[in-house]
Amino acid sequence: MGIVIGIRHEDKYEMETRVPIVPGHVEWLVKHHNIDVVVQTSDKRVYKDEEFIKAGATVESDLKRCPIIFGVKEIPIPTFESKKTYIFFSHVIKGQKYNMPMLKKMMDLKCNLIDYEKVVDEQNKRLIFFGKYAGLAGMINSFWALGLRLKYYGYDSKLLKIKQAKNYKSLAEAKEDISSIGQLIAENGTPEELRPFTIGITGYGNVSQGVQEICGLLPVKEISPEKLLSLKNRKNLPNNIIYKVIFKEEHLVQPINPNDEFELQDYYNHPEKYRSVFEKYIPHLSMLLNCMYWDTKYPKLITKDYLKKLYSKGRPKLNVIGDITCDIDGSIECTTKPATIKDPIYIYNPFTGQATNGYEGEGILDMAVDILPSELPRDASLGFSDVLVNFVKPIAIADYDLPYEEIDLPRAIKKALILLKGELTPNYKYLEEYVKQEMI
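Residues numbered from 1 in each chain as written. Predicted model: local features only at pLDDT ≥ 70, side-chain atom pairs only at ≥ 80, totals over all residues. Heavy atoms only, no water.

Caption draft 1: Here's a closer look at the overall build of the protein chain. Each helix and strand counted, the protein chain has 13 helices and 18 strands in total. The 440 residues of the protein chain split such that 53% are buried. Within the protein chain, contacts between residues at least 6 apart in sequence are counted, and of these 67% link residues at least 24 apart. Charge separation in the protein chain, taken as the distance between the mean sites of 59 positive and 60 negative side-chain charges, equals 3 Å. (Helix = DSSP H or I, 4+ residues; strand = E, 2+ residues; numbered from the N terminus. Buried < 20%, exposed > 50% of the residue type's maximum accessible area, 1.4 Å probe, protein only. Contact = heavy atoms within 4.5 Å. Lys, Arg positive; Asp, Glu negative; His and termini not counted. Charge placed at Lys NZ, Arg CZ, Asp CG, Glu CD.)

Dropping the structure here:
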């Protein structure tokens, strides 16, 4: 029997249209590696069934004959089949409560699980990711949302030309629109009341790189967080410059003990020794893009209590938060729910604690779509597949009946092997406690 792999359709979200392997790479796998690719039929996928058939794949209603199955998002529990190998974003590595039943089912069925999120190099940098596309779509959406919010406040903003990311045919088309607005700003400036216009970006990884790529289409000047605090006299500042500020961990927190100095590794290891100092920057920001990794053990950036105090003084400078990280009640507490691609923005009212879809009303506008790469599905799928395709054959031919130590997999993939024959591999034994808690 030859090598057979399956590509499943996505069914966690209605608007999820991405694929892990695009038709062009399917054709390469079929022709050059003699791999039989079975694609589960879908009427919403951004790459149509016909494109996969033309590439040499077989399109079928299910993946029963596939021992290796590639997907993007979590898979419904009833779908799993015994002793198969699944590759997808499982969202279990933090012990996420909502996915422990899924993990338990995979364990019971003696499945193998490889998680894209844990495919990393020797420096622990992720190799297969959609993060940059989350940043690209998130920045496009945040500029679009800002245009609507400024319209609500009575400004006829040039940003109104920008559309939601999903309404562009491609990333190139979105960039063309934003570049034209950048040219207008460079020539005509921004309204005096909005100056200095400042964009804060937390984090410096893949998501942040995507955000900065879109920001760079406008006349942007990067300044330090310290410089941000001194940008006060708008009459003496150029009227056609937008200021960008990158916030790293050292700007976000400081040691609770005044005698201690900030040390990055110490912060990672002992976050309880640190407190957030981000609030001092918020009054100076026009918009904020949250792009950083966050866990419950870390301090929060913006709390609901802080927003209530801020708004009690009148409408602040901060108009829009693009919470690309989208941790619910997380580092940005006003992200109280995940927005959808159909309803990507909402207003959080700090006095009532309520979130209302749209861009009108009192409070802060929050853009918090949790599947942002799906708004640029072709570009995102291609970028993801460009890397994944190199690992497909090693994943497909590996002997998963061998002990973990003996399995012949690329080192980066082996690091991401969470389950082997239903057993947690050495680096993921800690998840046993989370699974047990869920079963109680």
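Once you've had a look at it, read on.
Caption draft 2: Up close: helix 5 (residues 171-188). The first and last C-alpha atoms of helix 5 sit 26 Å apart over 18 residues, in line with the 26 Å expected at 1.5 Å per residue. Taken together, the buried positions of helix 5 are Leu171, Ala174, Asp177, Ile178, Ile181, Gly182 and Ile185. The buried residues of helix 5 occupy an angular sector of 140° when projected down its axis, which confines them to one face. In helix 5, the exposed positions angled more than 90 degrees off the buried face are occupied by Ala172, Glu176 and Glu187. Within two residues after helix 5, glycine 189 carries a phi angle of roughly 80°, on the positive side. (Expected span 1.5 Å × (residues − 1). Arc of directions from axis to C-beta.)

Caption draft 3: Seen up close, the sheet that holds strand 15 (residues 355-357). With mixed pairing, eight strands are arranged side by side in an open sheet as 8-9-7-12-13-16-14-15. Every other strand in the sheet has two partners, leaving strand 8 (220-223) and strand 15 as the edge strands with one partner each. Strand-to-strand twist of the sheet, defined as the mean angle between neighbouring strand axes without regard to direction, takes the value 25°. Two strands pair when backbone bridges link them, and strand 14 (residues 345-348) and strand 16 (residues 364-367) are joined in this way by four bridges, in the antiparallel orientation. What sits directly across from isoleucine 347, in strand 16, is leucine 365. Together, strand 7 (197-202), strand 8, strand 9 (242-247) and strand 12 (287-290) form the strand contacts of helix 6 (residues 206-215), whose direction differs from that of strand 7 by roughly 160°. (Pairing = 2+ DSSP bridges. Axes fitted to C-alpha atoms, helices over the stretch in contact; angles between N-to-C directions.)

Caption draft 4: Representation of the packing of helix 1 (residues 23-33) against helix 11 (residues 377-397) in the model. The geometry of helix 1 relative to helix 11 is characterised by a closest axis approach of 10 Å and an angle of 20° between their N-to-C directions. Here helix 1 lies roughly parallel to helix 11, going by the angle between them. The way helix 1 lies across helix 11 gives a crossing that is right-handed. Contacts between helix 1 and helix 11 involve His25, Trp28, Leu29 and His33 on the former and, on the latter, Leu382, Ser385, Asp386, Val389, Val392 and Lys393. Classifying every residue of the contact of helix 1 with helix 11 by side-chain character gives five nonpolar, three polar and two charged. (Parallel < 35°, antiparallel > 145°, perpendicular 65-115°, else oblique. Left-handed = near helix turned anticlockwise from the far one by under 90°. Nonpolar A, V, L, I, M, F, W, Y, C, P; charged D, E, K, R; others polar.)

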